[in-house]
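One-letter residues, chain by chain:
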Amino acid sequence: MLPDPVTALLRRLRGDAAITILTGAGISRESGLHTFRDADGVWAQVRLEDVATPQAFARDPETVQGFYNARRRSVLDPAVQPNAAHHALARLEQFWPGPLLLVTQNVDDLHDRAGSRHLIHMHGELLKIRCESCGLLMDWTRDLHTGEACPQCAGVGTLRPHIVWFGEMPLAMDAIGEALDATDLFISIGTSGNVYPAAGFVSQARAAGAATLEVNLEETEGAGLFHAGLYGPATVTVPALVDALLECAGVRC
């Protein structure tokens, strides 16, 4: 049972409305992956300046590679699997009658494994690496070491995680901006709303006339920017939200 403000918001949508969804680390928490900004999150354990900036990579590539090697191994742990929230969003994409774009700040592959295909990884992907010299992008599931040569240009020390570091521009911003300008419903799931440019998506969507919904474990500091909020564990709230959306659209699946 959804809160009345959320139900009212959904009932105002057309059955073929355009939906844009942003997800953050909170949606993967119940799959066993740490968030970043919570008290026990990733940035409470390491300094982002030491492992997540171009300057850190230039200064100490071995430490940076080691950090991402450990994160890559954690995503590949057999115990880490897509949860009910990931599967619900893939189901929504499959059956929703209108345009739907899923934008994730997460660098894990859980949305992909759940079946989402209209998907943008705006902060990159942990299971890919790229060459800073020739631009080669390739899948990668083992540890990456500083002395490895690029298989295309043979450059040594040029391979890096395919991750958007602090100070770098997120990926596919033009496509995301076009979707936000055309969307009828913007949903933010499991993100703190503290990191730009993603934190500005709700304002851009509202300026374009979209209804906006925050879905999170609890209210964020930016909750007042949304028309309604839905709070609780993602594995409970997201499937319930997807069921309600498909019911409003008259979809039986």
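What counts and what doesn't
Residues numbered from 1 in each chain as written. Predicted model: local features only at pLDDT ≥ 70, side-chain atom pairs only at ≥ 80, totals over all residues. Heavy atoms only, no water. Helix = DSSP H or I, 4+ residues; strand = E, 2+ residues; numbered from the N terminus. Rg over C-alpha atoms; globule rule 2.2 N^0.38 Å. Buried < 20%, exposed > 50% of the residue type's maximum accessible area, 1.4 Å probe, protein only. Contact = heavy atoms within 4.5 Å. Areas by Shrake-Rupley, 256 points an atom, 1.4 Å probe, with all protein chains shown as cover. Lys, Arg positive; Asp, Glu negative; His and termini not counted. Charge placed at Lys NZ, Arg CZ, Asp CG, Glu CD. Disulfide = S-S within 2.5 Å.

**Comments concerning the overall build of the protein**
Of the regular secondary structure elements, the protein holds nine helices and nine strands. Scaling as 2.2 N^0.38, a compact globule of 253 residues should have a C-alpha radius of gyration of about 18 Å, and the protein matches this with 19 Å. Burial statistics for the protein: of 253 residues in total, 51% are counted as buried. Across the protein, every contact between residues at least 6 apart in sequence was considered, and the portion connecting residues at least 24 apart equals 65%. Here the protein has roughly 11700 Å² of accessible surface; of this, 51% comes from carbon and sulfur atoms. Of the charged side chains in the protein, 19 are positive and 30 negative, and the gap between their average positions amounts to 2 Å.

**Some thoughts on the state of the cysteines**
Applying the stated criterion to the full structure yields zero disulfides. No disulfide involves Cys-153; its nearest neighbouring cysteine sulfur is the one of Cys-131, lying 3.7 Å away.

**A closer look at unusual backbone geometry**
Each neighbour pair has its own omega, and for Tyr-196 with Pro-197 the value is 10°, a cis peptide bond. Here Pro-197 shows up in the loop between strand 7 (185–189) and helix 8 (201–207). Here Ala-154, not a glycine, exhibits a phi torsion of approximately 70°, which is positive. The residue Ala-154 is located in the loop between strand 5 (137–139) and strand 6 (159–163) in this model. Despite not being glycine, Ala-172 has its phi angle at roughly 60°, a positive value.

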